[in-house]
Amino acid sequence: MIRRTRPVVGAIALLAALTAGIAFPAGAAAGEPTGESAPKVDLVLDVSGSMRAKDIDGQSRMAAAKQAFNEVLDATPEEVQLGIRTLGADYPGDDRKEGCKDTAQLYPVGPLDRTEAKTAVATLVPTGWTPIGPALLQAADDLDGGDGSKRIVLISDGEDTCAPLDPCEVAREIAAKGIGLTIDTLGLVPNAKLSRQLSCIAEATGGTYTSIEHQDELTDRVNELVDRAAEPVVTPVAVEGADACERAPELRSGLYTDRQEFGQQRWYRVDLLAGQELRASVSVAADRAVRPDHGILMRAVTLHGREIVRGEATGNGRTDVVSTGLRHPKPELDDDSGKPAAETVCLGVTTSFSADAGVKTTPGLPLELTVDVVDGPDDASDVASFGLGRGWWLLGALVVTGFLAGLVWGCLSRWRVAVWRTN
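All values reported here derive from a predicted model rather than from experimental measurement.

Undergrad: Which residues make up helix α6 (residues 167-176), and what values go with them?
TA: By the criterion of burial, α6 is predominantly enclosed, with eight of the 10 residues buried. Taken together, the buried positions of α6 are Pro167, Cys168, Val170, Ala171, Arg172, Ile174, Ala175 and Ala176. Buried residues along α6 sit against α5 (132-142), β5 (181-188), α7 (192-204) and β8 (254-260). Capping of α6 at its N-terminal end is provided by Asp166; its side-chain oxygen lies 2.9 Å from the backbone amide nitrogen of Cys168. Following α6 by one or two positions, Gly178 adopts a phi angle in the positive range, close to 70°.

Undergrad: Would you mind going over the sheet that holds strand β12 (residues 307-315) in detail, with residue names and values included?
TA: Read across the sheet, four strands follow the order β9-β14-β11-β12 without closing on themselves; strand pairing throughout is antiparallel. Each edge of the open sheet is held by one strand with a lone partner, namely β9 (265-273) and β12. When the angles between neighbouring strand axes are averaged without regard to direction, this sheet yields 15°. Both strand β11 (residues 294-301) and β12 contribute to a ladder of eight bridges, which runs antiparallel. The residue of β12 that forms the bridge with Val301 is Glu307.

Undergrad: How would you summarise the side chain of Arg266 if you had to cite specific residues and measurements?
TA: Among the structural elements, Arg266 can be located in strand β9. A relative accessible area of 10% means that Arg266 is categorised as buried. For Arg266, the side chain forms a polar contact with the side chain of Asp258, separated by 3.3 Å.

Undergrad: Outline the layout of surface pockets, supporting the account with residue identities and numerical values.
TA: Empty pockets left among the atoms are what a rolling probe the size of a water molecule brings to light. Looking at the second largest pocket, its volume works out to about 260 Å³. In terms of lining residues, the second largest pocket is bounded by 16 residues, among which Asp166, Glu169, Arg172, Lys360 and Thr362 are the most central. In terms of residues, the lining of the second largest pocket owes the most to one element, α6, which gives four residues. Residues that form the lining of the second largest pocket fall into these classes: six nonpolar, two polar and eight charged.

Undergrad: An account of the pattern of salt bridges is needed here, citing residue identities and associated values.
TA: A full pass over the atoms with the stated rule returns 17 salt bridges. Where Arg151 meets Asp184, a salt bridge forms, and the shortest distance between an N and an O atom there is 2.4 Å. With a gap of 33 residues between them, Arg151 in strand β4 (residues 150-156) and Asp184 in strand β5 connect regions that are remote in the sequence. One salt bridge connects Arg266 with Asp258, and the closest N-O pair in it is separated by 3.3 Å. For the pair Arg266 and Asp258, one class covers both residues: buried. Members of the salt-bridge network, linked through shared partners, are Asp55, Arg61 and Asp157.

Undergrad: Pulling in residues and values, what's your account of the sheet that holds β8?
TA: Pairing within the open sheet is mixed, and its five strands lie in the order β7-β8-β15-β10-β13. Here the strands that pair on one side only, and so sit at the sheet edges, are β7 (237-238) and β13 (321-329). In the sheet, strand β10 (residues 276-285) pairs with β13 via nine bridges, with the strands oriented antiparallel. Counterpart to Val284 in the pairing with β13 is Val322.

Cut-offs and rules
Residues numbered from 1 in each chain as written. Predicted model: local features only at pLDDT ≥ 70, side-chain atom pairs only at ≥ 80, totals over all residues. Heavy atoms only, no water. Buried < 20%, exposed > 50% of the residue type's maximum accessible area, 1.4 Å probe, protein only. Helix = DSSP H or I, 4+ residues; strand = E, 2+ residues; numbered from the N terminus. Contact = heavy atoms within 4.5 Å. Polar contact = N/O pair within 3.5 Å; in protein donor to acceptor, adjacent residues only side chain to side chain. Pairing = 2+ DSSP bridges. Axes fitted to C-alpha atoms, helices over the stretch in contact; angles between N-to-C directions. 1 Å grid on protein atoms, 1.4 Å probe; cavity = no way out; pocket = protein on both sides within 12 Å on 5 of 7 lines; lining within 4 Å. Points joined across faces, edges and corners; volume = space filled by probe spheres on them. Nonpolar A, V, L, I, M, F, W, Y, C, P; charged D, E, K, R; others polar. Salt bridge = Lys/Arg side-chain N within 4 Å of Asp/Glu carboxyl O.

Encoded structure:
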């Protein structure tokens, strides 16, 4: 059965926690909710000089941020370990080199002391530069360790001032580490350039971008993101596909991430018992500028290279994610041995992305693979096994009805002709 799906946006949540593909042992289980470690959130606040502007509900951007932070600190769930990092808060000078080092941990990530955190926030005064890239790198280190959910919430009113350290590239590097970290961004009274940069940062890790113009919007959105970190999440397992099926990692039901170079083919293996069905899907995110025409092909083949089924989809540049999927039911045993014979299915993923000169092709594009091995449906209701499925009954009924109608019409016609000749 061939399935084609339209490209989908977003998220693929998908595309959250995208990694460079660290190899895991064969048979690694994936997709189990974590929770062994407490969820961690690092609020990264821009305290550059532009935060003095008074254009948020008649108060300065800094005052609005402080008020929002105080309300967020009051509402933070007990199980969340929360920290606050600043950028541009300490160096007031004109030395760009020094200004681009100006990021500090205002309150360390850990169990929250609300009074202490509020006291720290009250000391902030808009001061210097906007080193977003360096701040993100340090924030990722703040959240290192543990297997709980990790989230950076970046709040800024201006684009990065420390090029050539591109914050989008920094976000991609963070995603490539495979630590399951999501970056959400909020732009205070943003312009087009800031919106593009903050959107790029968020998309690189499967996060979200939000435009903020009022203090209550800021409070509500940060609260929502902190609460989201406390919710049970399914963390993808990083896996590295091979260039041939015989060397491919063995996957069980779960959610996996990998990275695929432009034009590369990746292989993975799944074992099926008689009566089971494989359901697999794959999504590839264009986390950088690629040419509009691209596509993705997913094939299930035997160990001997015979194609069983395929799924394919094409993109036109209007969305950031292209996805497809397939199903393969393994029939029940035909012999009397009673042994649950296994079939190894090779899953191959091929992409046809390309980019203009100057666009980096490494690391590869983030890929998310979902594998689900379930008990196969009853034969009578299995559309995948029977092609038209119950449609055969309808087709048969139509044929029989047509045949009987033809007989009746023929008899009537002969009777009418006989009567006409008699008269």
